[in-house]
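Fold and geometry: a report
Residues per chain, in single letters:
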Amino acid sequence: MSERETWTSRVGFILAAVGSAVGLGNIWSFPFQTATNGGAAFLVVYLVAVFLIGFPVMLGEFVIGRRSERNAVEAFRALGFGEWSIVGGLGVLSSFVTLAFYSVVGGWVLSYIVGSVTGGYLGDAGAYFGTVSAGPIAVAAHAVFMALTVAIVALGVTDGIERATKLMVPAIFVLMGGLAVWVSTLDGAGEGYAYYLSPDVGVITGDLAGIVPPAVGQAFFTLSLGFGAMIAYSSYLGRDDSLPADGSAIVVVNTLVALLAGFVVFPVLFAIEGSIPESGGAGTAFTALAGAFSQIPGGRAIGLGFFIVLLLAALSSSISLLEVSTSFVADRTGYDRVPTAVGLGVLVALVGIPTALDTGVLGWYNDVVFNLLLPLSVLFISLFVGWVADDQLAAELNLGSSFGNGFSTVWLWWIRIVIPVAIGGTLLLGIQSLLVKAGVLAAPIVLG
Ligand code: TRP
């Protein structure tokens, strides 16, 4: 077995983790979820979920990874709890399913970069989406996106992932900041900001049960929790890093990118439509934005910049999803990374084909991930950290940290009590929503 790699620097780890976190979730789903769930009201619930639920769970994955220096499956065995490897197995499986459809959406982004250059979506944004979102073009673009993902992962942790994210993450920031400044000059930008930032508090108090589960799910997804990606990344860490400090930096930067995305998306939408589009599923973001880019001054250039940012964000996330299974197979079998990453990439690409042929199937993959796999995995990880693993994990949090024992004690109790209760509730509502969608339940039993 070859020697395990480690990040070359602390910044390298932080950028890789930020790259994993910042993705389609931040730039594609977040502004639209905010738009359809009461604007700034959703934002508040989301921020609470990110900092009070997501952040402690992230630290939980970090201590598992750094303590064990193993991939998500074998980490549990290395800590002395072999039977919990099944939780890591669930993570590997979930990362597979997630990457399968994530890559298809990544393929859409590629098609929209092409469309910005050729002007393909200028005439009829809806028709363009129809052509590229499902069918042979979607399959081909999905294959290209997977190939890019595989190429980076195959190069290794430092030469592939670390080097790529060191370039991509700063580029995302610079481009997105530039776009936000540019679109602030559009007519209608003011209305866009007003919509984005004024809370419709009625939505929250009226439909808490409808808002909290998506906000919590979004918090887990955007922080790349549950599927062992952060376990894998932190397993390449040295002991002298402060996990709470690194984790805070990652969470804050990830949140800033999501907020910044809103400052790009809302002025663009309000410049043309004068309002936000009705939520119409996965494609709304693409059709609504492409429609606006076709009409505003300089729209194609803004569109090109926007879709390039989206591609960089998607790629720096997809590599972490592939790393979960790649590190497992490579650690376990001692196979070289290159054939491992290629083999797994081909497998994921095949699993994704049904979602590239039918956006309805893609919606199903997405719903199963958000409503079931994500909360379930996070619940198991929290229970493991809080109740199963012994003191070694709380002690691990203190290593290299200046936050002190008080912090790790509060953290441990928080993860024992508050987090399982919060996720348990989210999971029940999520399963209920899946059953209602599948027609098994005629109507929700708990809350409306
Ligand atoms: N966080 C990414 C996003 O917001 C998606 C992602 C990457 C992810 N790795 C993950 C989600 C691991 C869950 C688990 O787009």
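Residues numbered from 1 in each chain as written. Predicted model: local features only at pLDDT ≥ 70, side-chain atom pairs only at ≥ 80, totals over all residues. Heavy atoms only, no water.

1. Focus on the environment of Ala 16
Test applied: Strands are runs of DSSP state E lasting at least 2 residues, helices are runs of H or I lasting at least 4, and numbering of each runs from the N terminus. By the convention used here, residues are in contact when the closest approach between their heavy atoms is within 4.5 Å.
Structurally, the position occupied by Ala 16 is in helix α1 (residues 10-21). Once the C-alpha coordinates of Ala 16 and Val 169 are considered, the two residues, 153 residues apart in sequence, prove to be 8.2 Å apart. Look past the residues within four positions of Ala 16 in its chain and what remains in contact with it is Trp 7, Ile 161, Thr 165 and Tyr 233.

2. Quick word on the site of the ligand
Put simply, the test is: We call a residue near a molecule or strand as soon as one heavy atom of that residue lies within 4 Å of the molecule or strand. The term polar contact refers here to a pair of N or O atoms within 3.5 Å; inside protein, the definition further demands a hydrogen-donor-capable atom paired with an acceptor-capable atom, and it admits residues adjacent in sequence only when both atoms are side-chain atoms. Computed with a 1.4 Å probe, the accessible areas rest on the Shrake-Rupley method; for each residue, only the protein chains presented here act as cover. A 1.4 Å probe that fits but cannot get out identifies a cavity on a 1 Å grid over protein atoms alone, an open set with protein on both sides within 12 Å along at least five of seven lines counts as a pocket, and a residue lines either if it has an atom within 4 Å of a point. Being in a pocket or cavity means that more than half of the molecule's atoms lie within 2 Å of its grid points. Asp, Glu, Lys and Arg are counted as charged, while Ala, Val, Leu, Ile, Met, Phe, Trp, Tyr, Cys and Pro are counted as nonpolar; the rest, among them Gly, fall into the polar class.
Not every one of the 16 residues close to the ligand is listed here, only the nearest: Ala 21, Gly 25, Tyr 102, Phe 221 and Ser 224. Between the ligand and Thr 222, the relevant distance is 3.2 Å, taken from a nitrogen atom to a main-chain nitrogen or oxygen of the residue. Interatomic distance of 3.0 Å between a side-chain N/O atom of Ser 224 and a nitrogen atom of the ligand. Protein burial of the ligand: of its 370 Å² of free accessible surface, 100% is covered by the chains. The cavity that encloses the ligand is the largest cavity. Put simply, the parts of the chain that give the shell around the ligand at least two residues each are α1, α2 (24-36), α11 (208-222) and α15 (299-333). Grouping the constituent residues of the shell around the ligand by class yields eight nonpolar, eight polar and no charged.

3. What to know about the environment of Gly 23
The test is simple: Three labels apply to residues, based on accessible area from a 1.4 Å probe with only protein chains included: buried if under 20% of the type maximum, exposed if over 50%, partly exposed otherwise in between.
Along the chain, the position of Gly 23 falls in the loop between α1 and α2. Residue class for Gly 23 comes out buried when judged on its relative accessible area of 2%. Setting aside residues no more than four positions away along its own chain, Gly 23 makes contact with Tyr 102, Ala 313 and Ser 317.

4. A word on the environment of Gly 54
Its location among the elements puts Gly 54 in helix α3 (residues 40-68). C-alpha of Gly 54 to C-alpha of Leu 379: the two residues are 325 residues apart in sequence and 12 Å apart in space. Once you skip the residues sitting within four places of it in the chain, Gly 54 turns out to touch Ala 49, Leu 223 and Leu 225.

5. Overview of helix α5 (residues 85-118)
Convention followed: A helix is expected to span 1.5 Å multiplied by its residue count minus one.
When the terminal C-alpha atoms of α5 are compared, their 49 Å separation across 34 residues agrees well with the 50 Å that a helix rising 1.5 Å per residue should span. For α5, a buried count of 27 out of 34 residues is recorded, marking the element as mostly surrounded by other parts of the structure. Positioned one or two residues after α5, Gly 119 has a phi angle of 80 degrees, which is positive.

6. Focus: the pattern of salt bridges
Opposite charge on two side chains allows them to pair when their charged atoms are near. Put simply, the test is: Whenever a carboxyl oxygen of Asp or Glu lies within 4 Å of a side-chain nitrogen of Lys or Arg, that contact is scored as a salt bridge.
Within this structure, the stated rule accounts for 10 salt bridges. Linking Asp 246 and Arg 10 is a salt bridge whose minimum nitrogen-to-oxygen distance equals 2.6 Å. Of this pair, Asp 246 sits in helix α13 (residues 243-272) while Arg 10 sits in helix α1, placing them 236 residues apart in sequence. Of the charged contacts, one joins Glu 74 and Arg 332 as a salt bridge, the two residues approaching to 3.7 Å between their closest N and O atoms. Taken together, the residues Glu 74 in helix α4 (residues 74-78) and Arg 332 in helix α15 connect sequence positions 258 residues apart. For Glu 74, a relative accessible area of 13% translates into the label buried.

7. What to know about the packing of aromatic side chains
How we decide: When two rings of Phe, Tyr or Trp (its six-membered ring) have centres within 6.5 Å they constitute a pair, described as stacked for plane angles under 30 degrees, edge-to-face for angles over 60, and tilted for the intermediate range. Charge-over-ring contacts are defined here by two conditions on Lys NZ or Arg CZ: a distance within 6 Å of the ring centre and an angle within 35 degrees of the ring normal.
Scanning all chains against the criterion turns up 32 aromatic pairs. With a centroid separation of 5.5 Å and 80 degrees between ring planes, the pair formed by Trp 108 and Phe 286 is classed as edge-to-face. Of this pair, Trp 108 sits in helix α5 while Phe 286 sits in helix α14 (residues 284-295), and the two are 178 residues apart along the sequence. When sorted by exposure, Trp 108 lands in the same class as Phe 286, which is buried. Linked through ring pairs, Trp 28, Trp 108, Tyr 112, Tyr 121, Tyr 128, Phe 129, Phe 286, Phe 293, Phe 306 and Phe 307 together constitute an aromatic cluster. Here Arg 416 stacks its cationic end above the ring of Trp 387, 5.3 Å away from the centre of that ring. Positioned over the ring face of Trp 413 is Arg 416, at 4.6 Å from the centre of the ring.

8. Some details on empty space enclosed by the protein
Which parts of space are left empty comes out when a probe the size of a water molecule is rolled across the atoms. Counted only if it meets this: Grid points are joined across faces, edges and corners, and a volume is the space filled by probe spheres set on the points.
Enumeration over the complete set of coordinates arrives at three cavities of 30 Å³ or more. Taken as a whole, the largest cavity encloses approximately 160 Å³ of empty space. Lining the largest cavity are 19 residues, and of these Ser 20, Tyr 102, Phe 221, Ser 224 and Leu 321 lie nearest its centre. Secondary structure elements with two or more residues in the lining of the largest cavity: α1, α2, α5, α11 and α15. By residue class, the composition of the lining of the largest cavity is 11 nonpolar, eight polar and no charged. Here the second largest cavity defines a volume of roughly 40 Å³. Where the lining of the second largest cavity is concerned, the elements lending two or more residues are α2, α14 and α15. Residue composition of the lining of the second largest cavity, grouped by class: nine nonpolar, no polar and no charged.

9. Let's talk about the confidence of the model for the protein chain
So the rule is basically this: Known as pLDDT, the predictor's per-residue confidence is scaled from 0 to 100.
Of the residues in the protein chain, 94% have a pLDDT of 70 or more, and the chain-wide mean is 91. Within the protein chain, the element-level pLDDT minimum falls on helix α10 (residues 201-206), averaging 63, and the maximum on helix α7 (residues 136-154), averaging 98.

10. Regarding the nonpolar core
Heads up, the rule is: Remark: nonpolar core denotes a set of buried residues (Ala, Val, Leu, Ile, Met, Phe, Trp, Tyr, Cys) joined through side-chain atoms within 4.5 Å.
Within the largest apolar cluster, 145 residues are counted, with the highest numbers of intra-cluster contacts made by Ile 64, Phe 286, Phe 306, Phe 307 and Phe 384. Residues contacting Ile 64, with those up to four places away along its chain left out, are Ala 75, Phe 76, Leu 79, Ile 231, Ile 381, Phe 384, Val 385 and Leu 393.

11. Thoughts on α15
Note that an α-helix has 3.6 residues per turn; residues three or four places apart therefore point the same way. This is how the line gets drawn: The reported bend at a residue is simply the angle between two axes, fitted to the 7 residues ending at it and to the 7 residues beginning with it.
Compared with an ideal rise of 1.5 Å per residue, which puts 35 residues at 51 Å, α15 spans 50 Å between its outermost C-alpha atoms and is within 8% of the ideal. A bend of about 30 degrees at Glu 323 is the largest found in α15. For α15, a buried count of 27 out of 35 residues is recorded, marking the element as mostly surrounded by other parts of the structure. Backbone geometry just after α15 places Gly 334 at a positive phi near 80 degrees.

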